[in-house]
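Chain residues, written in single-letter form:
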Amino acid sequence: MIVADRKSLEEILGMVADREKLLILGCKGCVTVCNVGGLKEAEVLASTLRIAQKKEGRPVEVSHRVLERQCDNEYVAGLADDVGNYDAVVSMACGVGPQFLSEMYPDQVFFPAVNTTFFGGAVQHGVWEERCAGCGACAIHLFGGLCPIARCAKSLLHGPCGGSANGICEVNKETACIWDAIVKKKMETGRLEDLVAVKPFKDWRTARDGGPRRSIREELVKGTL
Amino acid sequence: MRLSYPANIKIIQVPCTGRVDIVHLLSALEDGADGVYVAGCLEGECHYLEGNYKARRKVVYVKKVLTELGIEPERVAMYNLSSAQGARFAEIANDMVLQIKDLGPTPVR
């Protein structure tokens, strides 16, 4: 899923400083799963902003609601009857949400309440880690199921580098050297020789280097599936 | 025991402090309460195993929110006592009221 962190209250308050009537808009997708922008979090942020407004003696008008997803126009359209009732909308979805909203409702202002960080998963309750870089050409099977694009600081395809010490990356003591793990796994499974194979260079055009990407499923577009 | 405690405390009963949510604490403050405290069971003695620990974490979260808003975090507190400690209940109520009186009325009006 897409993982995000909520922006600081200070930053959110700064963004909406000159707006009175606000809607805090959660998303039931990834941000609900990573406990940052679902119904509960939208409710807490709305209450917090109301307290801030009351403290400053300003009129209090902060509502909250949640959309099934903010990355699908059919759900974004559900806001049509309500979106004009506010001075601004604060989206708690990943970066996709405020953009879909801005595209559908050009007359409204949408502020992001979260910083979208990475594609990953929860390794324990409250801890999420990056697992995928969305490079557009998955090759994890070549590396024992561990992705060096997302999990090596240099995205090396032929690591480890000299910065690896005792299984830890030189970039950060909290970061495991994924190449150390890849080599260990290959040794354990008796397939270390796999890493000797010369692989063709990686075509980064399928990643961000090729510009914004688009995925077209003809059968869905044509309605034949 | 006929113990008395300050009349300006409004008690909201919950089956377990694990039911107390961040939004409940914020709502009380939003509606003008000068302070809110959670009276949970003694640590390690929760009938539902960890309801009081969960409540404590929520109180800590709300304290953090209040600090960010420039409001005294002491306006929210967590206490632990058993249902047999009537005297302690009255003592805590008095302590909390004194503490809130020291802080003055809430800036959230």
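Note that this is a predicted model, so its numbers are computed, not measured.

This paragraph deals with the overall build of chain A. In terms of helices and strands, chain A carries eight helices and seven strands. Relative to the compact-globule value of 17 Å for 225 residues, chain A shows a C-alpha radius of gyration of 22 Å, a clear excess of over 25%. Here the C-alpha coordinates of chain A stretch approximately 70 × 50 × 25 Å along the principal axes. Expressed as a percentage of the 225 residues in chain A, the buried residues total 31%. A sequence separation of at least 24 residues applies to 54% of the contacts in chain A between residues at least 6 apart.

The next point concerns the nonpolar core. All names here are of chain A. In this structure, I24, V31, V90 and M92 are the most contacted members of the largest nonpolar core, which totals 58 residues. The residues touching M92, leaving out its near neighbours within four places in the chain, are I24, L25, G26, C27, V31, G37, E41, A42, L45, A113 and V114. Judged by nonpolar contacts, the second largest core, of seven residues, contains C169, I178, W179 and I182.

As a further point, take the sheet that holds strand β7 (residues 127-132) of chain A. All names here are of chain A. The antiparallel open sheet is built from three strands, whose spatial order is β1-β6-β7. In this open sheet, the two edge strands, each paired with only one partner strand, are β1 (2-6) and β7. Ignoring which end each strand starts from, the neighbouring axes of this sheet average 70 degrees apart. Note: strand β6 (residues 114-124) against β7, five bridges, orientation antiparallel. Residue pairing across strands places G121 opposite E129, the latter belonging to β7.

Moving on to the packing of helix α3 (residues 39-55) of chain A against helix α1 (residues 22-30) of chain B. When two helices pack together, their arrangement is captured by the angle between the axes and the distance separating the axes. At a minimum axis separation of 10 Å, α3 of chain A and α1 of chain B run at an interaxial angle of 20 degrees. By the angle between their axes, α3 of chain A is roughly parallel relative to α1 of chain B. α1 of chain B is crossed by α3 of chain A, and the crossing has left-handed handedness. Facing α3 of chain A, whose interface residues are E43, V44, S47, T48, R50, I51 and K54 of chain A, α1 of chain B presents I22, V23, L26, S27, L29 and E30 of chain B. The residue makeup of the contact of α3 of chain A with α1 of chain B, split by class, is six nonpolar, three polar and four charged.

The next point concerns the environment of V89 of chain A. Along the polypeptide, V89 of chain A turns up in strand β4 (residues 88-91). Taking the C-alpha atoms as reference points, V89 of chain A and V196 of chain A, separated by 107 residues in sequence, lie 54 Å from one another.

Turning our eyes to something else, we now look at the domain arrangement of chain A. Segmentation of chain A into domains returns domain 1 (2-118) and domain 2 (133-210). Distance between the C-alpha centres of domain 1 of chain A and domain 2 of chain A: 37 Å.

This part is about the interface of chain B and chain A. Counting residues at the interface gives 13 residues for chain B and eleven residues for chain A. Listing elements by their share of the side of chain B that touches chain A, those giving two or more residues are α1 and α2 (51-68) of chain B. Counting residues per element, the side of chain B that touches chain A draws most heavily on α1 of chain B, which supplies six residues.

Right, let's get into α2 of chain B. With 18 residues, α2 of chain B ought to run about 26 Å at 1.5 Å a step, and its terminal C-alpha atoms sit 26 Å apart, in line with that. Three or more residues of α2 of chain B are buried, namely N52, A55, K58, V59, V62, V65 and L66 of chain B. Down the axis of α2 of chain B, the buried set is contained in an arc of 125 degrees. They therefore lie on one face. In α2 of chain B, the exposed positions angled more than 90 degrees off the buried face are occupied by R57, V60 and T67 of chain B. Where α2 of chain B is buried, its residues meet α3 of chain A together with α1, β1 (36-40) and β2 (76-80) of chain B. Once α2 of chain B finishes, G70 of chain B follows within two positions and takes phi at roughly 75 degrees, a positive value.

On to the sheet that holds strand β2 (residues 21-27) of chain A. Strand pairing in a sheet is mediated by backbone hydrogen bonds. Such pairs are either parallel or antiparallel. Residues and elements named next belong to chain A. With respect to topology, four strands assemble into an open sheet ordered β3-β2-β4-β5, the strand pairing being parallel. Only two strands of the sheet have a single partner each, and these edge strands are β3 (61-67) and β5 (110-112). Sheet twist, expressed as the average angle between the axes of neighbouring strands with direction ignored, equals 25 degrees. Both β2 and β3 contribute to a ladder of seven bridges, which runs parallel.

Right, let's talk about the packing of α1 of chain B against α2 of chain B for a bit. Residues and elements named next belong to chain B. At their nearest, the axes of α1 and α2 sit 9 Å apart, and the two run at 45 degrees to each other. By the angle class used here, α1 and α2 are oblique. Here α1 and α2 pass one another in a crossing that is right-handed. Contacts between α1 and α2 involve I22, L25 and L26 on the former and, on the latter, K58, V59, Y61 and V62.

Cut-off values and rules
- Residues numbered from 1 in each chain as written.
- Chains lettered and ligands numbered in written order.
- Predicted model: local features only at pLDDT ≥ 70, side-chain atom pairs only at ≥ 80, totals over all residues.
- Helix = DSSP H or I, 4+ residues; strand = E, 2+ residues; numbered from the N terminus.
- Rg over C-alpha atoms; globule rule 2.2 N^0.38 Å.
- Buried ≥ 20, exposed ≤ 12 C-beta atoms within 10 Å, placed from the backbone.
- Contact = placed C-beta atoms within 7 Å.
- Core = buried A, V, L, I, M, F, W, Y, C linked by C-beta atoms within 7 Å.
- Pairing = 2+ DSSP bridges.
- Axes fitted to C-alpha atoms, helices over the stretch in contact; angles between N-to-C directions.
- Parallel < 35°, antiparallel > 145°, perpendicular 65-115°, else oblique.
- Left-handed = near helix turned anticlockwise from the far one by under 90°.
- Nonpolar A, V, L, I, M, F, W, Y, C, P; charged D, E, K, R; others polar.
- Domains from an automatic or database assignment.
- Expected span 1.5 Å × (residues − 1).
- Arc of directions from axis to C-beta.

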